[in-house]
Amino acid sequence: MTMSLTDVSLFDNLSWFERLYRKFTLNFISQLKHGDITLVEGNQRIRLGDEQAELKVVITVLDPAFYQKMVVAGSVGAGEAYILGWWRCDDLTALVRIFALNLTALDKLDSAISRLGRPLLKLLNWRNRNTKTQARKNIAAHYDLGNDMYRLFLDDSMMYSSAVYPDENADLVQAQQYKLKLICDRLQLKAHDHLLEIGTGWGAMAIYAAQNYGCKVTTTTISKQQYDYATARINALGLQDRVTILL
């Protein structure tokens, strides 16, 4: 939805619940330290947080539904509201830095919301419980979103788990390879070993172990897209005799 910044009608006629959601959100933002936040509603500007802070951002609320989303779903809700176009920010990087400096406050917010929504969360978890059939659906909903999307933020090895940086000058590629070396060294892998990996990902661990330690690897996944990608990489590297990937 679009709204002129001079149109304040959306904010003039809030329901009782909407006003309550707004009050809660403004109160939360006002408690944030290390950040100077200006909130814009139509032609009204509200300054919150620490006015002396170095980090300064302007958040423009385009739909009051943002406040309900914030209260009902916390920091996750704020992200969803941004995707829906209910608010925007002149400097998202600075805003993320402010949130990072206020993790304790964010954790308290999410914890309070979690307690309020616990009955609903239990119901959702029950519906998505990991039966054999549901597990495949859960994996498909996450890892089968498309390899092209994951390439946008992963390194060439397509490693998805956290990297381990050997020093402050290392880049992501070096950190991911260093992590794989740490794992293999701690396992004390030798050429006569047979490594079983539960969760192939895009094949980086299996390939690294086979190439650098000469061992056999059996790796398994229930993601069709990851299986196809890893199989193609293994075949291209000529590692079919050492790596077996199971779908």
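Please refer to the structure higher up on the page.
The present account deals with the structure reproduced in this document. (Residues numbered from 1 in each chain as written. Predicted model: local features only at pLDDT ≥ 70, side-chain atom pairs only at ≥ 80, totals over all residues. Heavy atoms only, no water.)

## Quick word on empty space enclosed by the protein
- Across all of its chains, the model carries 1 cavity of 30 Å³ or more by this definition.
- Every element with two or more residues in the lining of the largest cavity is listed here: α2 (16-30), α3 (65-83) and α4 (92-101).
- In terms of residues, the lining of the largest cavity owes the most to one element, α3, which gives 3 residues.
- Within the lining of the largest cavity, the residues separate by chemical class into 11 nonpolar, no polar and no charged. (1 Å grid on protein atoms, 1.4 Å probe; cavity = no way out; pocket = protein on both sides within 12 Å on 5 of 7 lines; lining within 4 Å. Points joined across faces, edges and corners; volume = space filled by probe spheres on them. Helix = DSSP H or I, 4+ residues; strand = E, 2+ residues; numbered from the N terminus. Nonpolar A, V, L, I, M, F, W, Y, C, P; charged D, E, K, R; others polar.)

## With respect to the environment of Gly 77
- Mapped onto the secondary structure, Gly 77 falls in helix α3.
- Residue Gly 77 is classed as buried on the basis of its relative accessible area, which comes to 0%. (Buried < 20%, exposed > 50% of the residue type's maximum accessible area, 1.4 Å probe, protein only.)

## What about the nonpolar core?
- With 26 residues, the main nonpolar core has Ile 37, Leu 39, Val 57, Ile 59, Phe 66, Tyr 67 and Trp 87 as its most contacted residues.
- Every element with two or more residues in this core is listed here: α2, β1 (36-41), β2 (44-49), β3 (56-61), α3, β4 (87-89) and α4.
- Per element, the largest residue contribution to this core is 6 residues, and it comes from α3.
- Residues contacting Phe 66, with those up to four places away along its chain left out, are Thr 25, Val 61, Ala 81, Trp 86 and Trp 87. (Core = buried A, V, L, I, M, F, W, Y, C linked by side-chain atoms within 4.5 Å. Contact = heavy atoms within 4.5 Å.)

## Things to note about unusual backbone geometry
- A positive phi angle, close to 65°, is found at His 34, a residue other than glycine.
- Looking at where His 34 falls in the secondary structure, it is placed in the loop between α2 and β1.
- Positive phi is not limited to glycine here, since Met 158 has a value of about 60°.
- Take Met 158: it is sitting in the loop between α8 (147-151) and α9 (172-187).
- Judged by its relative accessible area of 3%, Met 158 is buried.

## Quick word on the packing of aromatic side chains
- A complete count under the given rule lists 10 aromatic pairs for this structure.
- Seen from their ring centres, Trp 16 and Phe 17 are 5.1 Å apart, and the 80° between their planes marks the pair as edge-to-face. We note that Trp 16, like Phe 17, is exposed.
- A centroid spacing of 5.5 Å and a plane angle of 85° characterise the contact between Tyr 150 and Tyr 160, whose relative ring orientation is edge-to-face. In this pair, Tyr 150 is assigned in helix α8 and Tyr 160 in the loop between α8 and α9, connecting sequence segments 10 residues apart.
- Within the aromatic cluster, the residues linked to one another by ring pairs are Phe 66, Tyr 67, Tyr 82 and Trp 87. (Phe/Tyr/Trp six-rings, centres within 6.5 Å; stacked < 30°, edge-to-face > 60°.)

## Concerning α9
- Compared with an ideal rise of 1.5 Å per residue, which puts 16 residues at 22 Å, α9 spans 23 Å between its outermost C-alpha atoms and is within 8% of the ideal.
- If you follow the buried residues of α9, they end up packed against α10 (204-213).
- Where α9 begins, the side chain of Asp 171 points an oxygen toward the backbone nitrogen of Val 173, at a separation of 3.2 Å.
- One or two steps after α9, the chain reaches Gln 188, where phi turns positive at roughly 55°. (Expected span 1.5 Å × (residues − 1). Polar contact = N/O pair within 3.5 Å; in protein donor to acceptor, adjacent residues only side chain to side chain.)

## Thoughts on the packing of α9 against α10
- Running from N to C, α9 and α10 point in directions that differ by 65°, and their axes come no closer than 10 Å. Taken together, α9 and α10 sit at an angle that is classed as roughly perpendicular. Crossing hand, α9 versus α10: right-handed. The segment α9 lies against α10, with Gln 177, Leu 180, Lys 181, Ile 183, Cys 184 and Asp 185 engaging Ala 204, Met 205, Tyr 208, Ala 209 and Tyr 213.
- Of the residues in the contact of α9 with α10, the class split is 8 nonpolar, 1 polar and 2 charged. (Axes fitted to C-alpha atoms, helices over the stretch in contact; angles between N-to-C directions. Parallel < 35°, antiparallel > 145°, perpendicular 65-115°, else oblique. Left-handed = near helix turned anticlockwise from the far one by under 90°.)

## Describing the environment of Arg 151
- With respect to the helices and strands, the residue Arg 151 is situated in helix α8.
- For Arg 151, a relative accessible area of 41% corresponds to the partly exposed category.
- In this structure Arg 151 touches Met 158 and Tyr 229, once residues within four positions along its chain are discounted.
- There is a polar contact of 2.4 Å between the side chain of Arg 151 and the side chain of Asp 148.

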